[in-house]
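# Remarks on the overall topology
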Amino acid sequence: MKILVATEKPFAKKAVDGIRGIVENAGYELALLEKYTDKSELLEAVADADALIVRSDKVTAEVIAAAKNLKIVVRAGAGYDNVDLAAASARGIVVMNTPGQNSNAVAELALAMMIYMSRNRFTPGTGSEIQGKTLGIHAYGNVGKLVGRKGKALGMNVVAYDPFIADEAVFEADGVKKVATVEELYKASDFLSLHIPATEQTKGSIGYDLLMSMPKGATLVNTARKEVIDEAGLVRALTEREDLKYITDIAAGNQAELDEKFGKRVFATAKKMGAETAEANINAGLAAASQIVDFLKNGNTRFQVNK
Ligand code: 3PG
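Residues numbered from 1 in each chain as written. Predicted model: local features only at pLDDT ≥ 70, side-chain atom pairs only at ≥ 80, totals over all residues. Heavy atoms only, no water.

### Re the sheet that holds strand E2 (residues 29-34)
Where we set the bar: DSSP calls a pair of strands paired once it identifies at least 2 bridges connecting them. Strands here mean DSSP runs of E at least two residues long; helices mean DSSP runs of H or I at least four residues long; both are numbered from the N terminus. Note on definitions: angles span 0 to 180 degrees between N-to-C directions of axes, and those axes are lines fitted to C-alpha atoms, for helices only across the stretch in contact.
In spatial order, the strands read E2-E1-E3-E4-E5; together these five strands make up an open sheet with parallel pairing. With partners counted over all chains shown, the strands left at the sheet margins are E2 and strand E5 (94-97), one partner each. Taking the axes of each pair of neighbouring strands and ignoring which way they run, one obtains an average angle of 15° across the sheet. Here four bridges tie strand E3 (residues 51-54) to strand E4 (residues 72-75), and the two strands are oriented parallel to one another.

This is the structure we're talking about:
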């Protein structure tokens, strides 16, 4: 059995060594395709792979069609919007993610981004503090929860919105106030941290109206996906409200326009940084390898997302 790790943005070496250990211990072969620059390299590498580990790499219908022996794809991370689930399911290929494994790294980055913007991107004489401010969490999943808890520890008032969590106790346990509507959330939040996945329902859903409802001096923090932002609405809101700020870990399609028009009020990392820690790479990479071995040997489908 051949397990291919295909990562345009490679894992830390320690993570790759750990993955190799798990794969070879199970009696399988590891193949590595790192820093590839063209889709054709991936199409060639998957041709004889039985299992595939990826990060944000695009596993399209074309990739799946080229992978004649493929049985399982594991997205080492949370969001699996990069995998064509319909194409995988049509071939009976199991798709999994590794929920929670890189959440702490993303949560730490979200908090760092809030501080960076509240210190006016480290401009002397112009900063303010996040303590005492209201932090809104949009979606209280693995990352959202950690951001909420860390925000509480830093003295923030934390509110959250998550229509998929009915149990109030989940929020109460963290001292977080649950709000009933998305409108209420944005209206209350000096800092709004986005943790929604990119789905047909969420794409383009964060735009002008929600941004305009935020308090004076508010900052939108996006460590989720660029697709959830209505970019034209964002430009309009930032134009009309000179106090609003936007910081993102996934550059917008119109990032050059944002940078040019709004200067210090916007910031995007050059490459997605959320899961770029040794710990996150090790946790997610090793979990992916273990899940593959457990599936191939024992049929365990616990983390399957295309059931
Ligand atoms: C995730 O969905 O797990 C994060 O966005 C991290 O993505 P990455 O592995 O491409 O850095």
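### So, the environment of Ala-49
Quick reminder of the rule: Exposure categories follow from relative accessible area, calculated using a 1.4 Å probe and restricted to protein chains: below 20% of the type maximum is buried, above 50% is exposed, and the middle band is partly exposed. It only takes one pair of heavy atoms within 4.5 Å for two residues to be counted as in contact.
Relative to the helices and strands, Ala-49 is located in the loop between helix H2 (39-45) and E3. Residue classification places Ala-49 among the buried positions, given a relative accessible area of 0%. Spatially, the C-alpha atoms of Ala-49 and Ala-67 are 6.5 Å apart, while their sequence positions differ by 18 residues. The contacts of Ala-49, once residues within four sequence positions are left out, are Lys-2, Leu-4, Asn-69 and Leu-70.

### Let's talk about the pairing of E4
Heads up, the rule is: Think of it like this: strands point away, you trace from the first strand over the helix to the second, and a clockwise trace means the crossover is right-handed.
Side chains Ile-72 and Val-74 project from E4 onto one buried face, and the interleaved Val-73 and Arg-75 project onto a second face that is buried too. What joins E3 to E4 is helix H3 (residues 61-66), and the crossover it makes is right-handed. Summarising the sheet, E4 and E5 pair through four bridges and their orientation is parallel. Across the sheet, the residue bridging to Val-73 is Val-95, located in E5. For the crossover that starts at E4, traverses helix H4 (residues 85-90) and ends in the parallel E5, the hand is right-handed.

### Here's the deal with the packing of helix H10 (residues 231-240) against helix H11 (residues 255-262)
Spelled out, the test is: What sets the label is the angle itself: under 35 degrees gives roughly parallel, over 145 gives roughly antiparallel, 65 to 115 gives roughly perpendicular, and the rest give oblique. Each residue gets one of three labels, nonpolar for Ala, Val, Leu, Ile, Met, Phe, Trp, Tyr, Cys and Pro, charged for Asp, Glu, Lys and Arg, and polar for the others, Gly among them.
H11 packs onto H10 with a crossing angle of 0° between their chain directions and a minimal axis gap of 11 Å. As judged from the angle between their axes, H10 and H11 are roughly parallel. Judged by residue contacts, Leu-234, Val-235, Leu-238 and Thr-239 of H10 engage Glu-257, Leu-258, Lys-261 and Phe-262 from H11. Here the residues of the contact of H10 with H11 sort into five nonpolar, one polar and two charged.

### Quick word on the side chain of Arg-241
Put simply, the test is: Identification of polar contacts relies on pairs of N or O atoms within 3.5 Å, with a donor-acceptor requirement for protein atoms, meaning one able to donate a hydrogen and the other able to accept it, and with residues adjacent in sequence counted only if both atoms are side-chain atoms.
Counting through the fold element by element, Arg-241 comes out in the loop between H10 and strand E11 (245-248). Within the local environment of Arg-241, its side chain forms a polar contact with the backbone oxygen of Met-214, the two atoms lying 3.1 Å apart. Looking at Arg-241, its side chain comes within polar contact range of the main-chain oxygen of Pro-215, at 3.1 Å. Apart from residues no more than four positions distant in its own chain, Arg-241 is found in contact with Leu-211, Met-212, Met-214, Pro-215, Lys-216, Gly-217 and Arg-265.

### Digging into the UniProt feature "domain: D-isomer specific 2-hydroxyacid dehydrogenase catalytic" (unreviewed entry) in the protein
For clarity, the threshold we go by: UniProt positions are given in the numbering used here, feature names are shortened, and annotations may be inferred rather than shown by experiment.
Under the UniProt annotation, the feature "domain: D-isomer specific 2-hydroxyacid dehydrogenase catalytic" (unreviewed entry) is placed at residues 24-306. Between the end C-alpha atoms of residues 24-306 there is a gap of 27 Å, over a span that is 37% helix and 16% strand.

### Let's talk about the site of the ligand
Rule in force here: A cutoff of 4 Å decides nearness: a residue is near a molecule or strand if any of its heavy atoms lies inside that distance of it.
The environment of the ligand is made up of Lys-9, Arg-55, Ser-56, Arg-75, Gly-77, Ala-78, Gly-79, Asn-102, Arg-225, Lys-272 and Ala-275. At 2.7 Å, a side-chain N or O of Lys-9 approaches an oxygen atom of the ligand. A distance of 3.0 Å is found between an oxygen atom of the ligand and a side-chain nitrogen or oxygen belonging to Arg-75.

### Concerning the UniProt feature "domain: D-isomer specific 2-hydroxyacid dehydrogenase NAD-binding" (unreviewed entry) in the protein
This chain's UniProt record puts "domain: D-isomer specific 2-hydroxyacid dehydrogenase NAD-binding" (unreviewed entry) on residues 125-261. Counted over residues 125-261, helix gives 34% and strand 18%. Its end C-alpha atoms are 23 Å apart.

### Here we look at the side chain of Asn-254
Take Asn-254: it is sitting in the loop between E11 and H11. The residues touching Asn-254, leaving out its near neighbours within four places in the chain, are Glu-231 and Val-235.

### A look at the packing of aromatic side chains
Selection rule: A pair of Phe, Tyr and Trp rings is counted when the ring centres sit within 6.5 Å of each other, with Trp represented by its six-membered ring. The angle between the planes then sorts it: under 30 degrees is stacked, over 60 is edge-to-face, the rest tilted.
Within the structure shown, the criterion is met by three aromatic pairs. Arranged with centres 4.9 Å apart and planes meeting at 70°, the rings of Tyr-116 and Phe-122 form a pair that is edge-to-face. Taking the relative accessible area as the measure of exposure, Phe-122 reaches 59% and is therefore exposed. An angle of 80° between the planes, with centres 5.1 Å apart, marks the rings of Tyr-116 and Phe-267 as edge-to-face. Taken together, the residues span a long stretch of sequence, with Tyr-116 in helix H5 (residues 103-118) and Phe-267 in strand E12 (residues 266-268) at a distance of 151 residues. By relative accessible area, which is 19% here, Tyr-116 ends up buried. Relative accessible area serves as the criterion here: at 23%, Phe-267 is assigned to the partly exposed category. One aromatic cluster in this structure is built from Tyr-116, Phe-122 and Phe-267.

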